[in-house]
Every structure is written in structure tokens, then in C-alpha cells.
Amino acid sequence: MQNLISLWSQMNLRRRVTVIGVTLAVFLLVFAMSQIAGRTEYALLYSGLEPQAAGEIVAALEQRGIAYEVRGNAIQVDAARRDTLRMTLAAEGLPAAGGAGYELLDGMSGFGTTSQMFDAAYWRAKEGELARTILANPAIRNARVHIAQSAAQPFRKSAPPTASVTVTTASGTVSAEQAKALRHLVAAAVSGMRPEDVAVIDSVGGLVPPDSDPATNAAASDRETALRQNIERLLEARVGPGNAVVELSLDLVTDQEQITEHKFDPQGRVAISTDTTEKSGTNREANQDVTVASNLPEGNAGQNGGSQSQSSETRERVNFEVSETRRELVRGPGTIRRLTIAVLVNGLPSLGQDGSTSWQPRPETELADLRELVASASGLDTSRGDVLTLKSLSFESFAAQGTLAEASWLPPLDVMRLVQIGALALVTLVLGIFVLRPLLTGARQIPDSDTPLLPATGTGILPVPAGMTESPRVVSGEIDDIGDISGFADIPGESVDLPDDPVDRLRRLIEARQAESVQILRGWLEEPEERAS
């Protein structure tokens, strides 16, 4: 402490002001860095909650005494405690996701509960459970489900239930695949509901229309891929791998058609049955004249007494059936309506007279053969409007862009931690240069009236004590072999007998001239700094 007071008393006004300013600046910088290092790093806890749910979260955090920040619709807490807080709040049922679920039915017991009340609570619980399931998807921020169930009527057929789902996604809009998944989820959870009875509403994009049949789209994509691979494999066998590019467009019929035909042909009669009836008979008539001969027993009255007749009838009935044709034709989607194929084949390299390489298109005969092969492999039908285009052009080679990303041997660094370390290193450097160095070097001592000090240049020339007539001596820091030195005793002009031991001789000299010894040591310390500057 005495040394610091001595150094402070030896400084001039400019050096004192400099030391005070640098000390204050270093103190303020260290204080600011300590505030930055000790500041809590906040991380997102929940975002996009409803006002009621957000209020419950804030109340739970305040009850636990946890620091938090509210930025817009986001609640942020200490990053080190975020995961623990999420689990703790989830154990308490916070935040309430999608409203209440089947726990609503726990209180529906007792004689005061009617069937209408239970049905209303049941559908409300069903909506809450569906909303919870939808919110389990990380891409969904908010969801509401409404189910419409028609009341049962005795003389009317009940209508199928319908539903609507309103969602808010983190990405902004609901994709077609997400909407399809939501429709099937809700339809599978409600008995008698079909996916087309569920309407999906995006809070940003509005109603999400149902797309076309995904099975048809998948089938078209698969057929295009299969045709492209077949054509490319066929061409590469001739032109080589990478020398042919095939693109095709497949237009499929997406409509479903059912045709029922019932046709009668009157000219095409067919006998299905024949009924034949034959009928014959004999008819006799007696003579009406009465004579004597007719009364005699042996007379001819019995033979010529009447007439006899015979009859025969044949009837035939044939039943015919008119020729009838019944045909039922169902045309499903997937039929190729139009096929368009574009094939690009690389040209042939040609070596010029100067040694340069140029590309020439392939011969027309070869292109005709390739065109015929492609048409056969793809099932090309020009009658339905199919188009095939095959050209031979040179492929352009493009230089690789960018650089290869390789794993670094350095571990991942924290930028904020590096900034803090750099700032602390800068503070240490400033403290050493502008504070410690002035304190160590100090100000030069002011010469006393009795004993003059060394010159400021630090040459090591000692002044001549009083009573000496010799010229000044140059003190080099080495011990001379002289045995008697006058003028270096405590009393000027008195001679001092120095011992033969160099160490004892140096100790006696330092005791005799303490001020000069200090100036010599200080000159040694300042010389390297002056040379460096």
C-alpha cells in the first residue's frame, strides 16, 4: 500500500487523470460484461395459445415465482428450465388443449341427468377428444371440431352426421394431404360419417376443397414412372447410360361411367315350345221312313235304315321368344386418353482436323429405328392423338457449382460464448496496458535539492557528489576491482574500505547509495521499453 501511495505521489496531473479514467472505464466494462453474462437466456415455452389458456400458464408461472417474458402471443422462460416446466405444467393439465374431453362424462351421474343432457355432453366430449388428437401433431397450433348429429325422428330416415374442422398451422396453410388425414380421422371417430361429410377450414386459406381421387393420381404417377424407365432402359442399351432423357405426359380418364343396354331383335325369333292337338270322330244318322220291310226281323231295314260320317281335326300351337340382349358396361378411371412422349438423345462426338471435338446429330436411320422402338415400348396409338418426338442434340456439360461440404474437425462453437470470452480478454488487455503498466512504471522521481538524480535518458551517469572534482563516472552496473571509492559514503569526501568479497562489496555500495541504486535499476527496466518503442 505504501508503494502505491509513493507511486501516486510521483505521478504528474496528466498521468493521474489517465489512470483514473482508465480505471473507471475498466470498471464499467467489467460491470457491463457481468450483467450480460448473468442475464437469463429465455426460450420459447408456448406460443399461439388462446387468451384463456395463456392466462392460466402465466398464473401458474407467477405462483411458482418463475421469471417469464411475454412477446406477442409467445411465453418465454429460462432456457435451462423450459423442458422441466413443460412436463410439470402438462401433469397439471396445462395448457388445456382443445377443450374438455371425456372427463365431462364423469360428472354426468345421478337422477338429475336426462338423456338429452347426456347426449349433449357426449358429443361435446367427442369434439374435445378429436381436437386434442389433432393438436398432437406438431404442425397444428390450434384446432376446433364441431359435429352435427341429426335428432332421431320416428317417421323420417335419419340423415348421416356431418362435421367441420377449423385448424391453424405453424406453416401458414393446410396442405391437401393434411386435410385428407383430418377428414379420415374425424370420419373414423364418428359412426356413420364419411370422409366427404367432413369440411376442413384453414384459418388462413379458407375452405380446403377435396382433391381428386388419390388412387387415380397414384396410378397415373406409377404408370408414368414405369413407362419412363422402360424407354430409358431401351435407349441406354444403344446410346449408353446418361445419353438419353425421356419425358412423358400421361392423360388418363378420371370419370367413371356405367352403361346398361337392353336390346330386342324382332327378326331373331326363337321357338321355345310347340303344342299339337289332334281330334277325330264318327257320326251316324238313322232313316226316318217306316215300312213293312223295316218292321220285319229279317228285312233290310237295318242296313239301309240310316247314314254314317267321320271327321278328323289337328291343331298346333308354337310359342316364340323375341331375341333380347342385355349388356352392362362399367368404365372406371385409369384409361389412357392421350400419351405424349419427348425423347432427347445425345449426339455423336466428331474429331476435327485441328484435334478439336465437335458433336454431330445421329443419323436419321438410327433415329427412325429408335423412334420405332420407343413407340412399341410405350404402346403408342396415333388414332387417339398420341405424339412422339425424338431429337438428337448435343448435351451441354455444366460445371459443378459450390464447394463440397465436409465435416469440420473443430467442435461446434457457441458464438455468444466466444463473444464473451473475447470481451473478457479485451478487458484484461486494456487493464494490463492502461492500468497495470502505468502503475508498475510510475512517474519519475523528482530530484532532491541535496542529491541530484540520474538524467531522464537513463544513461547511467551518476552526478558528482559535493566536494568531488573528478569528472562524472559512467555507472554500468558492474563492480570495479578498486579497493577504495571516495564520495560514495554517507558523508561526502569520506573514503570507504570495501571488502574483497564482490557480494559484500555490492551490498555495502547499495546501503551507501540507495537512491542511486534505485535509479540504476529503473534505468535497466526502462531501456528495453524505449528500444521497443
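It should be emphasised that the depicted structure is a prediction, and the values quoted were computed from it without experimental measurement. (Residues numbered from 1 in each chain as written. Predicted model: local features only at pLDDT ≥ 70, side-chain atom pairs only at ≥ 80, totals over all residues. Heavy atoms only, no water.)

A. Local environment of the pattern of salt bridges. All chains considered together, the criterion is met by ten salt bridges. In this structure, the salt-bridge partner of Glu129 is Arg132, at a minimum N-O distance of 3.6 Å. Within this pair, Glu129 and its partner Arg132 are both found in helix H5 (residues 115–135), separated by three residues, close to a single helical turn. Here Arg238 and Glu366 are joined by a salt bridge, their closest N and O atoms 2.9 Å apart. Taken together, the residues Arg238 in helix H7 (residues 214–239) and Glu366 in helix H9 (residues 364–378) connect sequence positions 128 residues apart. By relative accessible area, Arg238 is classed as exposed at 54%. The network of salt bridges with common partners includes Arg194, Glu196 and Asp197. (Salt bridge = Lys/Arg side-chain N within 4 Å of Asp/Glu carboxyl O. Helix = DSSP H or I, 4+ residues; strand = E, 2+ residues; numbered from the N terminus. Buried < 20%, exposed > 50% of the residue type's maximum accessible area, 1.4 Å probe, protein only.)

B. Expanded view of helix H6 (residues 176–189). Its 14 residues place the ends of H6 20 Å apart at the C-alpha level, agreeing with the 20 Å of an ideal helix rising 1.5 Å per residue. Listed in full, the buried residues belonging to H6 are Ala179, Leu182, Arg183, Val186 and Ala187. The arc enclosing the buried residues of H6, seen along the axis, measures out at 125°, which places them on a common side. Away from its buried face, by an angle of more than 90 degrees, H6 presents the exposed residues Glu177 and Ala188. (Expected span 1.5 Å × (residues − 1). Arc of directions from axis to C-beta.)

C. Molecular detail of the sheet that holds strand S1 (residues 42–47). Taken in spatial order, the three strands make up an open sheet running S1-S3-S2, and their pairing is antiparallel. The outermost strands of the open sheet, each flanked by one partner alone, are S1 and strand S2 (68–71). With strand direction ignored, the average angle separating the axes of adjacent strands in the sheet is 30°. One ladder, built from four bridges, connects S2 with strand S3 (residues 74–78); its direction is antiparallel. The residue of S3 that forms the bridge with Tyr68 is Val77. With respect to the sheet, helix H3 (residues 51–64) is in contact with S1, S2 and S3, its orientation differing from that of S3 by roughly 20°. Of the strands in this sheet, S1 and S3 are in contact with helix H4 (residues 82–91), which crosses S1 at around 25°. (Pairing = 2+ DSSP bridges. Axes fitted to C-alpha atoms, helices over the stretch in contact; angles between N-to-C directions. Contact = heavy atoms within 4.5 Å.)

D. View of the sheet that holds strand S8 (residues 244–252). The strand order across the open sheet formed by three strands is S8-S11-S14, and the pairing between neighbours is mixed. Looking at strand neighbours, the two that pair on one side only are S8 and strand S14 (387–393), the edges of this open sheet. Averaged over all pairs of adjacent strands, the angle between their axes in this sheet comes to 10°, without regard to strand direction. Where strand S11 (residues 336–346) lies against S14, seven bridges are found, and the strand directions are parallel.

E. Quick look at the nonpolar core. Of all hydrophobic cores here, the largest spans 21 residues; its most connected members are Ile134, Val165 and Met193. Counting only elements with at least two residues in this core, the list comes to H5, strand S4 (140–148), strand S5 (162–169), H6 and strand S6 (198–202). In this structure Ile134 touches Ile140, Ala143, Val145, Val165, Val167, Leu182 and Leu185, once residues within four positions along its chain are discounted. If you look at the next biggest cluster of nonpolar residues, it comprises 20 residues, including Val239, Val246, Ile336 and Ile341. (Core = buried A, V, L, I, M, F, W, Y, C linked by side-chain atoms within 4.5 Å.)

F. Expanded view of the packing of H5 against H6. Viewed as axis vectors pointing N to C, H5 and H6 meet at an angle of 145°, and their least axial separation amounts to 11 Å. Along this stretch, H5 crosses H6, giving a crossing that reads as right-handed. Only Leu182, Leu185, Val186 and Ala189 of H6 make contact with H5, whose side of the interface consists of Lys126, Leu130, Thr133 and Ile134. Along the lines of polarity and charge, the residues of the contact of H5 with H6 split into six nonpolar, one polar and one charged. (Left-handed = near helix turned anticlockwise from the far one by under 90°. Nonpolar A, V, L, I, M, F, W, Y, C, P; charged D, E, K, R; others polar.)

G. The arrangement of the packing of H3 against H4 in detail. Running from N to C, H3 and H4 point in directions that differ by 110°, and their axes come no closer than 12 Å. Taken together, H3 and H4 sit at an angle that is classed as roughly perpendicular. As for how H3 packs across H4, the hand of that crossing is right-handed. The segment H3 lies against H4, with Ile57, Ala60, Leu61 and Arg64 engaging Leu85, Thr88 and Leu89. (Parallel < 35°, antiparallel > 145°, perpendicular 65-115°, else oblique.)

H. Seen up close, the pairing of strand S12 (residues 348–351). Sheet analysis places S12 next to strand S13 (residues 357–360), joined by four bridges and oriented antiparallel. Residue pairing in the sheet places Leu351 in a bridge with Thr357 of S13. Connecting S12 to the antiparallel partner S13 that follows it, the hairpin turn spans five residues, and Gly355 within it adopts a positive phi of roughly 90°.

I. Examining the environment of Ala170 more closely. Examined against the element boundaries, Ala170 turns out to sit in the loop between S5 and H6. On the basis of relative accessible area, Ala170 is assigned to the exposed category, the value being 54%. Considered as a pair, Ala170 and Ala139 are 31 residues apart in the sequence and their alpha carbons are 5.5 Å apart. Setting aside residues up to four positions removed in sequence, Ala170 forms contacts with Ala139 and Arg141.

J. Structural detail: the confidence of the model for the protein. Here the protein averages 75 in pLDDT, and 73% of its residues register 70 or above. Overall, residues 443–496 carries pLDDT values under 50, and its contacts beyond four positions in sequence, including any with other chains, amount to 83 contacts. (pLDDT = per-residue confidence, 0-100.)

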